Structures are given as structure tokens and as C-alpha cells.
Amino acid sequence: MIVVMNPDASKDDVSRITDKLKRMGYGVHLSIGERRTIIGVIGQRREEAAQALEAMSQVERVVFITRPFKLAGREFHPDDTVINLGHTTIGGSELIVMAGPCAVEGEAQLMEAANTVKEAGAQVFRAGAFKPRTSPYSFQGLEIKGLEYLDRVRSETGLLIVTEVMDQFTVSEVAACADILQVGARNMQNYFLLRELGRIRKPVLLKRGLSATVEEWLMAAEYILNGGNYEVILCERGIRTFEPYTRNTLDLSAVPLVKQLSPLPVIVDPSHGTGHSSLVPAMSKAAVAAGADGLMIEVHPNPEEALSDGPQSLNPAQFKTLIRDLKGVALNAGRLL
Ligand code: PEP
Ligand code: MN
């Protein structure tokens, strides 16, 4: 349930109630909005507890949440979640662009890609050091060495870094390098990993699973939020359908839908969503028009030689053109780029 406090309730009133709820065995999460504080109460539904709370003068009302996701829903957190990262915000009026190669392949390739995306105007650099590959015979990623190269990108370019973490055992290593930790589609329901990410205090980018419903995706986010890490960015990257002409089917209807259901920022990855670089510009513009808070785009200095996902990667010239063309779309959608 959620406890909606009166607009004039003081901090002390809120702590008195949260202490009482904790003594009763409930998990408590606060959402401090501009107008009022909402207390998210996790635990067994008890009518008498709700009635006792409602009788308190500082409490405006108590509402039972019927949806399975609680902390990831708008009822608990009506205002958009805005994540502050240095000079950048995610989920506010800024359109965030995360770009870079699929994988860290080497130091020279990485620095070249980073300089390209920075010059074009991206705020966040993406590249996987740990790679979840479908085949064990494909390039598996440079792992820890790759994180070292990403460190160099951050210190030399000032770009923020998003990179994938594949299991709960490497969260601290990845968190030491990344500004945002990425959970890949294949790991969306790795609950040990999600629980560990709930314990850290860094933003997590949670990709939608290959065949995940919107509700399953939001429940995965709920695991991270329930650990006390409220900075989750959702990433629509296409789902599996019967259509073989595209790698996945990019579900752009998920953008306005999830934004209705949840306050969390939503970004779109048209590279994995389509699998073809020629489809990336149109779907990027469509995503922004649909209300996405940002994009994640694969860019490689030389896509023909990429060790992974070359066919869906833009080359530097294509990426520059896309960013230029996106500015107008962003403006129309009320976003700054
Ligand atoms: C990636 O971002 O390179 C990646 C592996 O994406 P996904 O988990 O969406 O397949
Ligand atoms: Mn990729």
C-alpha cells in the first residue's frame, strides 16, 4: 500500500510513521515529491493497519496498489524520476544519447569511437567489456582489460560510461569503472544480479528481455528498486516475434505505455531493435517522437571490421548525420539535444 501524507506534514511526522511501519514489520520506501511525501509500504496487506494510519491527522489517505509492481509504478512515485549524472540528467528535458561500439575490441578502436561520438554530441559512451554472446565461438570480450580502456575513455574525454555487467560477482569491478551499469536482455531476469544491483548506489540501465512482457520488465526493475537503488533506466531493445527481416521487433508502443505506468526514464536501442544500420535513423527519430528519454546507438569506426554487431552499427559519418537530423525531432518533442 502507499501512505499519502498531507502536504503540510513535517519531516518528523513522516519519520514517526515510517518508524511505526518498520516496527510492524513492513519495508518502507520514501518518495519525496514537490507537493507531498508518499510512503511506499511493502508487506502483507492488512486492512486494520491501513485504517489506523488513515486515522492519523498527518495522513491524507492510504491506497492499496493493485498492480504487481509497486515502487516501479506511478502511484508510488507520481513525478518522473530524474537521474543526475554530472552535468547531465536522464529523464528530464534533456535527450540523452548513449553511443559507441558493441564491444571494447582494443585501445585504439575504443579511443577513436569515443572521440567520434563525443564530437557528434553524445553524452554517454557505450561499449561492452563483458559480452553475452549467443555462440561460445564468437568474440567474448576483453573483460577486465576492457574496463581499463573504458577508464581511459572517461578520463580523457569526460564522457560518461555505460557498460554491461553480466553477473553478481563482477558488480563491484564494473561499478568502479561505469557511471551506469547495463543489464543485458539475456540477464533481465537474473534475480541474483538484480538483487546485487539493488545494493549499489549507481544508475542501472535495464534492457527489456528477449521475450519479456512489459510487466515482467517492470517487475525486474522492482527488484533493483526494492533494494533501495531507485535509479533505474529502462531500455527497449526489441522483442522476439515471427518477423525474420529484422533482428528483433522494436516495440515503440512500449515507450508511451511504460511512461504511463512508471516514472522511470525509458530509452530506446534501435541498433539491437532492428539489427540493420539502415533502419537505425528512422527508428531513432520515431523513438524520440514517441517520448523516449534517450537513445542507445551502436557506432563503430569501421563497421565492416567490427568483432560484433557490425551490420547494425553506424559509421562515424552516419552517426553525425543522425544527430544533426535528430535535433529538430527532439525540439518538437520538447527535448533538448
Ligand atoms: C549490447 O548492448 O551490446 C547487448 C548485448 O544488448 P542486448 O542485451 O540488448 O542484446
Ligand atoms: Mn551489440
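First, a word on scope: everything that follows refers to the structure included in this document. (Residues numbered from 1 in each chain as written. Chains lettered and ligands numbered in written order. Predicted model: local features only at pLDDT ≥ 70, side-chain atom pairs only at ≥ 80, totals over all residues. Heavy atoms only, no water.)

## A short note on the packing of aromatic side chains
Piece 1. The full count for this structure, using the stated rule, is 1 aromatic pair.
Piece 2. Positioned over the ring face of phenylalanine 64 is arginine 45, at 3.8 Å from the centre of the ring. (Phe/Tyr/Trp six-rings, centres within 6.5 Å; stacked < 30°, edge-to-face > 60°. Lys NZ or Arg CZ within 6 Å of the ring centre and 35° of its normal.)

## As for the coordination of the manganese ion (ligand 2)
Piece 1. Surrounding the manganese ion (ligand 2) are the protein donor atoms Cys102 (SG), His272 (NE2), Glu298 (OE) and Asp309 (OD), at 2.0 to 2.3 Å.
Piece 2. All donors of the manganese ion (ligand 2) come from a single chain, and their spacing in sequence reads C-x169-H-x25-E-x10-D. Of this pair, glutamate 298 sits in strand E14 (residues 294-298) while aspartate 309 sits in the loop between E14 and helix H11 (316-332); the two residues are 11 residues apart in sequence, bridging distant segments of the chain. Taken as a pair, glutamate 298 and aspartate 309 share a single burial class, namely buried. (Donors = N, O, S within 2.8 Å, 3.2 Å for Na, K, Ca; no water. Helix = DSSP H or I, 4+ residues; strand = E, 2+ residues; numbered from the N terminus. Buried < 20%, exposed > 50% of the residue type's maximum accessible area, 1.4 Å probe, protein only.)

## Here we look at the packing of helix H10 (residues 280-289) against H11
Piece 1. Contact geometry for H10 and H11: axes closest at 10 Å, N-to-C directions at 25 degrees. With respect to H11, the axis of H10 lies roughly parallel. For the pair H10 and H11, the crossing hand works out as right-handed. Only Leu322, Asp325, Leu326, Val329 and Ala330 of H11 make contact with H10, whose side of the interface consists of Val280, Pro281, Ser284, Lys285, Val288 and Ala289. (Axes fitted to C-alpha atoms, helices over the stretch in contact; angles between N-to-C directions. Parallel < 35°, antiparallel > 145°, perpendicular 65-115°, else oblique. Left-handed = near helix turned anticlockwise from the far one by under 90°. Contact = heavy atoms within 4.5 Å.)

## Side note on the site of ligand 1
Piece 1. Every residue lining ligand 1 is accounted for by Cys102, Arg126, Lys131, Glu164, Gln182, Gly184, Ala185, Arg186, Lys207, Arg237, His272 and Glu298.
Piece 2. Here alanine 185 contributes a backbone N or O atom positioned 2.7 Å from an oxygen atom of ligand 1.
Piece 3. The separation between an oxygen atom of ligand 1 and a polar side-chain atom of glutamate 298 is 3.4 Å.
Piece 4. Contact with the protein chains covers 97% of the free accessible surface of ligand 1, which is 300 Å².
Piece 5. Of the residues that constitute the shell around ligand 1, the class distribution is 2 nonpolar, 3 polar and 7 charged. (Near = heavy atom within 4 Å. Polar contact = N/O pair within 3.5 Å; in protein donor to acceptor, adjacent residues only side chain to side chain. Areas by Shrake-Rupley, 256 points an atom, 1.4 Å probe, with all protein chains shown as cover. Nonpolar A, V, L, I, M, F, W, Y, C, P; charged D, E, K, R; others polar.)

## Re helix H1 (residues 11-23)
Piece 1. Between the first and last C-alpha of H1 there are 18 Å, a value that for 13 residues agrees with the 18 Å anticipated at 1.5 Å per step.
Piece 2. For H1, the set of buried residues is Asp13, Val14, Ile17, Thr18 and Leu21. Seen along its axis, H1 keeps its buried residues to an arc of 125 degrees; they face one direction. Every exposed residue of H1 that faces more than 90 degrees away from the buried side is listed here: Lys11, Asp12, Lys22 and Arg23.
Piece 3. Each element contacted by the buried residues of H1 is listed here: strand E1 (2-5), strand E2 (27-32), strand E3 (37-42), helix H2 (47-54) and strand E4 (59-63). (Expected span 1.5 Å × (residues − 1). Arc of directions from axis to C-beta.)

## Some remarks on the pairing of E1
Piece 1. Because side chains alternate across E1, one face comprises the buried residues Ile2 and Val4, and the other comprises Val3 and Met5, equally buried.
Piece 2. Pairing between E1 and E4: 4 bridges, direction antiparallel. Residue pairing in the sheet places methionine 5 in a bridge with valine 59 of E4.
Piece 3. The sheet contact formed by E1 and E3 spans 3 bridges and is antiparallel. The residue of E3 that forms the bridge with isoleucine 2 is glycine 40. (Pairing = 2+ DSSP bridges.)

## Remarks on the side chain of histidine 300
Piece 1. Mapping histidine 300 onto the fold places it in the loop between E14 and H11.
Piece 2. The exposure class assigned to histidine 300 is buried, which follows from its relative accessible area of 5%.
Piece 3. Once you skip the residues sitting within four places of it in the chain, histidine 300 turns out to touch Pro101, Glu105, Gln109, Ala306, Ser313, Leu314, Asn315 and Pro316.

## Concerning the sheet that holds E1
Piece 1. If you walk across this open sheet you meet the 4 strands as E2-E3-E1-E4, and the pairing is antiparallel. In this open sheet, the two strands that pair with only one neighbour each are E2 and E4. Strand-to-strand twist of the sheet, defined as the mean angle between neighbouring strand axes without regard to direction, takes the value 20 degrees.
Piece 2. Across 6 bridges, the pairing between E2 and E3 is antiparallel. Residue pairing for E3: serine 31 is matched across the bridge by isoleucine 38.
Piece 3. Its contacts with the sheet put H1 on E1, E2, E3 and E4, and the angle it makes with E3 is roughly 5 degrees.

Remember that the coordinates give geometry; whether it matters functionally is a separate question.
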